[in-house]
Amino acid sequence: MFRPFVLAITAFSVFSSVSQAADRVAIVFDGSGSMWGQIEGRTKIEIARDAMSGVLGNLPGDLELGLFAYGHREKGKCSDIELVVPPGPGTAAAIKAATDAITPKGKTPLSAAVRQAAETLRFTEDKATVVLVTDGIETCNADPCALGNELARLGVNFTAHVIGFGLSEEEGRQVACLAENTGGLYIQAGSTEELSDALTATVETAPVKEAAAVPAQLPEASLEAPDRAEIGSRIDVTWQGPGGRYDQVEFFDPGARGGEGKRLRSKSVVNGDFDNNRVSMTVVTEPGAYELRYWDGSGRQVLATRMIEVTPAEVALFAPDEIAMARPVTVEWIGPGGRYDAVELYDVSARGGEGKVLHNKRLRNDDFDNNKVTMPTPAKPGTYELRYYAGEDKAVLATRPLQIIEAVVTLETEEAAEAGSPIVVDWVGPGARYDSVKLVDPASGKKLHEKRLRNDDFENQRVTLPGPVKPGPYELQYYNGDNKAVLASFPIEVTATVVELAAPDEIGQGRHLTVTWTGPGARYDSVQFFDPRARAGDGRVVHQKRLRNDDFDNSKVTLPSAAKPGNYELRYFNGDNKTVLLTRPITVVPLELSIDGPDSVETETKFSVSWKGPGARYDSVQIWDPAGRSGNGRAVFERRVWSGDIDAQTVSLTAPEKAGSYELRYFNGDNKAVLFTRPLSVQ
């Protein structure tokens, strides 16, 4: 369970301790866009600036301190990491000025920022401490937990402390391991009130040396855990001790560094099962004799130790000896099954023999219950290696060879296709999850269309792609998505096609017209009624009808005309390529419009009116109350013209129950336009 602590107090305590234990310290400050979020009415960036100001004013003058920031200069850039103030003594004022000037903008590349800070501190040569202040989790495709293991393994005496600012419990877990895997602290900061109280308390705190003085008598503590555990397994450690906010259970190698020893990983007691005095830890992957230690963070003392023997465990991989290129392979595994463990597919010959991981699958992200993972294989034949990778220690525990063999990959279709017409392609190939057939313009290399194999007729190994509208030579490609590789290609010639529209030269306003078409007839093709004058000359589609939604067999569509007289266009629109293949002019002419009936009627009486207008299917005669809806008007009665005597062009209406001044309106439903009005008095 993660417990919220106060950022200012935490930072002061961390800085105070590292000033004695480390040569140099770097703060990594979150400048990502989420720092504009608020806690109790104040932005996180404001609260963090105030907290930093209070902490910096109380630091020892000889502490070598530097500042890194990320996400503060550009949006959407994972490379936005900057060394703002180089590590050195007396930098507090410069760091305060720098944090006050930070304007949050971008992403959260916290792992890369911590790595860069560690490298700047020469963590492989000297003691180094990094303090990360973050209000979010990693957003740049990196693993903070794996980074913590790597820095702990390579560092002389490296520690990362993480201050989670306004993080949820789940978010906290995702960054806490960066601290725990380096023996550092994860502390969660909560509210404006806590931060304000803590700032006051920090300013009045007693001198650092007094706070860090060794007590005359050490507190009692003890540890209970298994005497032995297999490599990479998960163990529970029960502790008795002070239970302070900075206390930790450590996994310690007493034989490292020539007997000086090295802390391999740690878990803060308050971040474990605090109510039951228990923490869970992952055992290291190297067999041998180790120590579990209770570390008192306030007194900076080891209060209790107990030995634990790490024993070998069976680790194995089972898979076919060979598989066709680019096909998925299923691997059964035996091993610790740690939360960051994975099966890797490794190219031993890559990078001049240095090797390279091509694909990996975390065990927990697949069929964990049955100890199976399924992963892509390379598109290039050769000898590769499957590896069981223990993520917490970045160690390979088992390997086995895998031979990738040549496979048949082909594409078949007609050698020529008409412009805009669908292209049906039969394929043979791996059929992997992300495989597709692409249509490419070989002159520019630009992909025009793509269809994933799994999104079409996969059982019959067939896909249908839209054809381009421009005649010329093109290329079909079988694309293997897992490896981003083209496995086969097929040339295709696209020929010109006849496109025609037959329709009257003019049509009455609001009336329907029938258009006979000739063209590709593709799935999303349509005939459009277009107003070229609309939108200041940009034009707009007034009506359209998809060819497949009408009389496709006879190459006909019926659609409404515009309600306003004028010059328009009929257009053949190819939907796949969003291209107009043909236009022809059409004129909308005015019609005689009228409603004849009584000038006055009594309330709730029925009466008849005759009308003249387009007579379209959704046209109606309405009784309109202009005072309705607070002056916006509303139809109080409406009768569709097709519900009356369409031949005699009459409809029956019922007067409203409330007397007043109304209107009779002829409403054209297709265009949602009122074509004619006349007054009506209801007595």
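Use the structure listed above.
What counts, and where the lines are drawn
Residues numbered from 1 in each chain as written. Predicted model: local features only at pLDDT ≥ 70, side-chain atom pairs only at ≥ 80, totals over all residues. Heavy atoms only, no water. Pairing = 2+ DSSP bridges. Helix = DSSP H or I, 4+ residues; strand = E, 2+ residues; numbered from the N terminus. Axes fitted to C-alpha atoms, helices over the stretch in contact; angles between N-to-C directions. Salt bridge = Lys/Arg side-chain N within 4 Å of Asp/Glu carboxyl O. Expected span 1.5 Å × (residues − 1). Buried < 20%, exposed > 50% of the residue type's maximum accessible area, 1.4 Å probe, protein only. Phe/Tyr/Trp six-rings, centres within 6.5 Å; stacked < 30°, edge-to-face > 60°. Lys NZ or Arg CZ within 6 Å of the ring centre and 35° of its normal. Disulfide = S-S within 2.5 Å.

Asker: What's the story with the sheet that holds strand 34 (residues 500-502) in this structure? I'm lost.
Answerer: Note on sheets: strands pair through backbone hydrogen bonds, and any given pair is parallel or antiparallel. Spatially, the three strands line up as an open sheet ordered 34-36-39, and their pairing is antiparallel. The sheet terminates laterally at strand 34 and strand 39 (556-560), the two strands that pair on one side only. Each strand axis lies, on average, 30° off the axis of its neighbour in the sheet, ignoring direction. Looking at chain direction, strand 36 (residues 512-518) and strand 39 are connected through five bridges and run antiparallel. By the bridge assignment, histidine 512 is partnered in strand 39 with proline 560.

Asker: How should I be thinking about the pattern of salt bridges in this particular structure?
Answerer: Where charged atoms of side chains with opposite charge meet at close range, the side chains can pair. With the rule as written, the count across this model stands at 29 salt bridges. With a closest N to O distance of 3.9 Å, arginine 306 and glutamate 224 form a salt bridge. On the criterion of sequence distance, the pair formed by arginine 306 in strand 17 (residues 301-311) and glutamate 224 in strand 10 (residues 222-224) is long-range, its members being 82 residues apart. Of the charged contacts, one joins aspartate 599 and arginine 678 as a salt bridge, the two residues approaching to 2.3 Å between their closest N and O atoms. Placement of the pair is aspartate 599 in the loop between strand 42 (594-596) and strand 43 (600-601) and arginine 678 in strand 49 (residues 673-682), with a sequence separation of 79 residues.

Asker: When you look at the sheet that holds strand 16 (residues 288-296) in this model, what are you seeing that I'm missing?
Answerer: With respect to topology, five strands assemble into an open sheet ordered 11-17-16-13-14, the strand pairing being mixed. Strand pairing shows two members of the sheet lacking a second neighbour, strand 11 (228-230) and strand 14 (262-268), which therefore form its edges. Across the sheet, the mean angle separating the axes of adjacent strands is 30° when strand polarity is ignored. Taken together, the six bridges between strand 13 (residues 248-253) and strand 14 define a ladder with antiparallel strand orientation. In the sheet register, glutamate 250 faces strand 14, and the bridge partner there is serine 266.

Asker: Mind showing me how you'd approach helix 6 (residues 169-180) here?
Answerer: Because an α-helix packs 3.6 residues into every turn, residues spaced three or four apart end up facing the same way. In a regular helix each residue adds 1.5 Å, so 12 residues correspond to 16 Å; helix 6 covers 16 Å between its end C-alpha atoms and thus fits that length. Turning to helix 6, its buried residues number three or more, namely Gly172, Val175, Ala176, Cys177, Leu178, Ala179 and Glu180.

Asker: Teacher, can you tell me more about the packing of aromatic side chains here?
Answerer: Given two aromatic rings, one states the distance between the centres and the angle between the planes to describe the pair. Following the criterion strictly, the structure yields 12 aromatic pairs and no others. When the centroid spacing of 5.4 Å and the interplanar angle of 45° are considered together, the rings of phenylalanine 529 and tyrosine 568 count as tilted. A residue pair is termed long-range when its members are at least 10 positions apart, and phenylalanine 529 in strand 37 (residues 526-531) and tyrosine 568 in strand 40 (residues 566-574) qualify at 39 residues. Each member of the aromatic cluster is reached from another via a ring pair, and the members are Trp239, Phe274 and Tyr294. Across the ring face of phenylalanine 252, the terminal group of arginine 293 is positioned such that the distance to the ring centre comes to 3.7 Å. A cation over a ring is seen here: arginine 665 above tryptophan 624, with NZ or CZ 3.6 Å from the ring centre.

Asker: Even after reading the chapter, I still don't get the pairing of strand 5 (residues 64-70), so can you show me in this structure?
Answerer: The side chains of a regular strand alternate between both faces of the sheet. Within strand 5, six of the seven residues are buried, leaving the element largely enclosed by the surrounding structure. In this sheet, strand 5 lies alongside strand 2 (residues 24-30) in parallel orientation, the contact comprising seven bridges. Directly across from phenylalanine 29, in strand 5, lies its bridge partner alanine 69. Across five bridges, strand 5 lies against strand 6 (residues 81-88) in antiparallel orientation. Pairing of leucine 65 across the sheet is with glycine 88, part of strand 6.

Asker: Help me out: how do you make sense of the state of the cysteines in this one?
Answerer: As used here, a disulfide is simply a covalent bond connecting the sulfur atoms of two cysteines. One pass over the structure, following the stated rule, counts two disulfides. Between the sulfur atoms of cysteine 78 and its disulfide mate cysteine 140 the distance is 2.1 Å. Disulfide cysteine 78-cysteine 140: torsion about the S-S bond near -90°, hence left-handed. With cysteine 78 in the loop between strand 5 and strand 6 and cysteine 140 in the loop between strand 7 (127-134) and helix 5 (144-154), this pair connects stretches of sequence that are 62 residues apart. Residue classification places cysteine 78 among the partly exposed positions, given a relative accessible area of 34%. Sequence-ordered numbering of the bonded cysteines in the protein yields a pairing of 1-2, 3-4.

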